[in-house]
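A look at the structure
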Amino acid sequence: MGGAAWAEPDARALFSEHCAECHAESRLGGTGPALIPETLGRMYGPALQAVIGQGRAATQMPAFDEVLSADEIAAIASYLEEPLAETPRWSVEDAMATRDLSPDYTPAEAPVWSSDPMNITLVVETGDHHVSVLDGDTFDVLDRFATPFAVHGGPKFSPDGRYVFVMSRDGWVQKYDIWSLQVVGQVRAGLNSRNIAMSGDGKWLAVANYLPQTLTILSTEDLSVQKVIDVKGPDGTPSRVSAVYQAPPRESFVLALKDVPQVWEVFYGANPPQMGFAHDYRMEPPVKSADPFPLRKITVSDIMDDFFFDLDYEHLIGASRDGAHGVVLDMVIGQEIASLDLPGMPHLGSGITWPWNGTTVMATPHLKGNVISVIDMESWKTVKQIGTEGPGFFMRSHANTPYAWADVFFGPNKDKMHVIDKQSLEIVKTLDPAPGKTVAHVEFTKDGSKALVSIWEDDGAVIVYDAATLEEIKRLPMRKPSGKYNVWNKITFESGTSH
Ligand code: DHE
């Protein structure tokens, strides 16, 4: 034991003294966000130290560089990068204890505004953790409400388009009433969560969690926690849930698992299908027939954590995140029926479909390749790989527009947006509306006549384009706008949008 070891800052004690009041002694979050590797994501080392030292603008996070030395700040930053010693529990009771229904919420009998309720469009502004509620005709901002910290994935609308549910990476699920322009309440469904899915009947919301390794089912009515399902492989290996998807015609949620080569299906309908495939060793029957959310588990050849479904939810297209290949799983028989040539980490969650040459194609960008793959959904062959100016993240189209829009999210051309002709499969125009800035994610208005594009920067904007002439109509200033979500396109399962 030398003096140097003795002199090293005690990061844990420093955390307790300076950080635990807001972020909790457990590091699982309190008034401030969770500070664990699962949440901090790619924010390592110097970036973390900068936030601790200088604070975070527009949040409660103060600067500590006057209080702590550089060594102490570095020690806290590396403590935050340490995984938790044990996986925390988060039971139905734990989650229920966090449920917070707004005492001031008074549901309106009719919308308190005169806009077209089906053309309301939400913009998630990640710069200061708000959602803007836009009139999709005038683009007036009807309301702007605060969300939990770090919203991820698409908010999910109730089937009638009145309510919307928003999820944060820390597992908070918030319910908002669009008619009344009021927050209804929130509940912490998990400790580190991926996304949410709405049941076809609008009664249930499923929350995919990394921490702990569970699926949480909430009642959409009052955000009460109905069930927490432990997700484990056949040998008991816990598995993170990469994502949960709705499959309304099947009255089920479908789960992508990160750590086990299985696809899980959770049924919520009154009459779950008779899963009479006992002869098939790869399937297990529902856990309990009296279970209101019976489970089906389908073993697959490889771990798949990103999915896309055809429009009638008979086929699931899955990609492994190692970026090697994709498979087509027939959900009815629970068998893989084709394998897909999909190198370069396709982002299937952003895939879209459209009619082409007498068949239906799906198109997906790749997170690690300058290409968009276009796949025939009957033959499951790749009909074209469209070269792009860099890897993209999101694609969008609409039945009423001849074009599909695809961003170039990564690399030096992140300011570009490709517009692709859906019939020739050629890029017909590349927009460059904010040179040097990230330009990404598109949403259409209800009738497909306008396309909304984010300038994904802190002093960013949503640009409204005429979707036919590709001319800019207006810019709405926004704080790091990410996804945009049109009520009609979402609740009608418009084929040009992700669900
Ligand atoms: Fe996402 C949707 C997974 C990183 C912004 N993202 C989704 C969905 C999945 C997913 C499975 C579909 C869920 C849904 O909408 O219900 N995202 C992942 C990852 O695995 C990945 C690559 C790594 C991770 O950090 O989790 C990832 N995603 C990001 C980002 O870094 C983005 C750009 C910024 C952010 O918000 O963290 C980002 N993801 C989004 C957005 C959507 C999304 C805006 C919804 C798109 C939509 O149009 O529906």
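Residues numbered from 1 in each chain as written. Predicted model: local features only at pLDDT ≥ 70, side-chain atom pairs only at ≥ 80, totals over all residues. Heavy atoms only, no water.

1. Overview of the pairing of strand β10 (residues 204–211)
Put simply, the test is: Per-residue accessibility, obtained with a 1.4 Å probe over protein chains only, is compared with the maximum for each type, and a residue is labelled buried under 20%, exposed over 50%, and partly exposed between these values. Helix and strand labels come from DSSP, where a helix needs a run of H or I of at least four residues and a strand needs a run of E of at least two; each type is numbered from the N terminus. DSSP calls a pair of strands paired once it identifies at least 2 bridges connecting them.
Here β10 lies mainly inside the structure; eight of its eight residues are buried. Both strand β9 (residues 192–198) and β10 contribute to a ladder of six bridges, which runs antiparallel. Bridge pairing in β10 places methionine 198 opposite leucine 205. In this sheet, strand β11 (residues 214–219) lies alongside β10 in antiparallel orientation, the contact comprising five bridges.

2. Description of a nonpolar patch on the surface
Our working rule: Patch construction takes residues with relative accessible area above 30% that form no salt bridge. Like charges are linked within 9 Å, and nonpolar side chains (Val, Leu, Ile, Met, Phe, Trp, Tyr) are linked within 5 Å. For every accessible area listed, the method is Shrake-Rupley and the probe measures 1.4 Å; residues are considered covered only by the protein chains on display. Salt bridges are counted wherever a side-chain nitrogen of Lys or Arg sits within 4 Å of a carboxyl oxygen of Asp or Glu.
Together, Val332, Ile333 and Ile337 give the surface a local cluster of nonpolar side chains, amounting to about 230 Å² of exposed area. A relative accessible area of 41% places valine 332 in the partly exposed class.

3. Looking at the nonpolar core
Applied cut-off: The set of buried Ala, Val, Leu, Ile, Met, Phe, Trp, Tyr and Cys residues whose side-chain atoms join them within 4.5 Å is what this entry labels a nonpolar core. These domain limits were set by an automatic method or by a database of domain assignments.
Formed by 23 residues in total, the largest nonpolar core has its most connected members in Phe165, Val173, Ile196, Leu205, Val207 and Leu218. Secondary-structure elements contributing two or more residues to this core are β6 (163–167), β8 (182–188), β9, β10 and β12 (225–230). Both domains that furnish three or more residues to this core are identified here as domain 1 (11–80) and domain 2 (89–260 + 262–299). Core analysis: the second largest hydrophobic core is formed by 19 residues, Ile217, Ile229, Leu257 and Trp264 among them.

4. Focus: the site of the ligand
The following threshold applies: We define proximity as follows: a residue is near a molecule or strand when any one of its heavy atoms falls within 4 Å of that partner. Polar contacts, as used here, are pairs of N or O atoms within 3.5 Å; protein pairs need one atom able to donate a hydrogen and one able to accept it. Residues neighboring in sequence count only if both atoms are side-chain atoms.
Taken together, 22 residues are adjacent to the ligand, and His152, Lys156, Arg169, Arg194 and His441 come closest. Contact between the ligand and lysine 156: an oxygen atom at 2.5 Å from a side-chain N or O atom of the residue. Note that an oxygen atom of the ligand is positioned 2.8 Å from one of the side-chain N or O atoms of arginine 396. Looking at the shell around the ligand, the elements that each hand over two or more residues are β9 and β34 (481–486). Per-element tally for the shell around the ligand: the top contributor is β9, with three residues. Two domains each provide a minimum of three residues to the shell around the ligand, namely domain 2 (89–260 + 262–299) and domain 3 (347–499).

5. A closer look at the coordination of the iron atom of the ligand
To keep things clear, this is the line we draw: Atoms are scored as donors when they are N, O or S and lie within 2.8 Å of the metal, with 3.2 Å used for Na, K and Ca; no water is included, so coordination may look incomplete.
Protein coordination of the iron atom of the ligand rests on one atom only, His152 (NE2), at 2.2 Å. Its place among the elements puts histidine 152 in the loop between β4 (141–146) and β5 (156–157).

6. Comments concerning the domain arrangement of the protein chain
Our working definition: Contact between two residues is taken to exist if any of their heavy atoms lie within 4.5 Å; hydrogens are not considered. Accessible area, probed at 1.4 Å, shrinks when two parts are joined; the buried area is that loss added up over both.
Per the domain assignment, the segments making up the protein chain are domain 1 (11–80), domain 2 (89–260 + 262–299) and domain 3 (347–499). Each of domain 2 and domain 3 was reduced to a C-alpha centroid, and the two centroids are 25 Å apart. Residue-level contacts link 31 residues of domain 2 with 24 residues of domain 3. Buried surface at the junction of domain 2 and domain 3, summed over both partners, amounts to about 2200 Å²; 65% is from carbon and sulfur atoms. When residues of domain 2 are sorted by the area they lose upon contact with domain 3, Met118, Phe139 and Phe157 head the list and together hold 27% of the total. Between aspartate 116 and lysine 446 there is a salt bridge, with its nearest N and O atoms 2.8 Å apart. On inspection of domain 2 and its partner domain 3, the count reaches 13 residue pairs in polar contact (both at pLDDT 80 or more). Put simply, the parts of the chain that give the side of domain 2 that touches domain 3 at least two residues each are β2 (121–125), β3 (130–134) and β5. No other element matches β2, which puts five residues into the side of domain 2 that touches domain 3.

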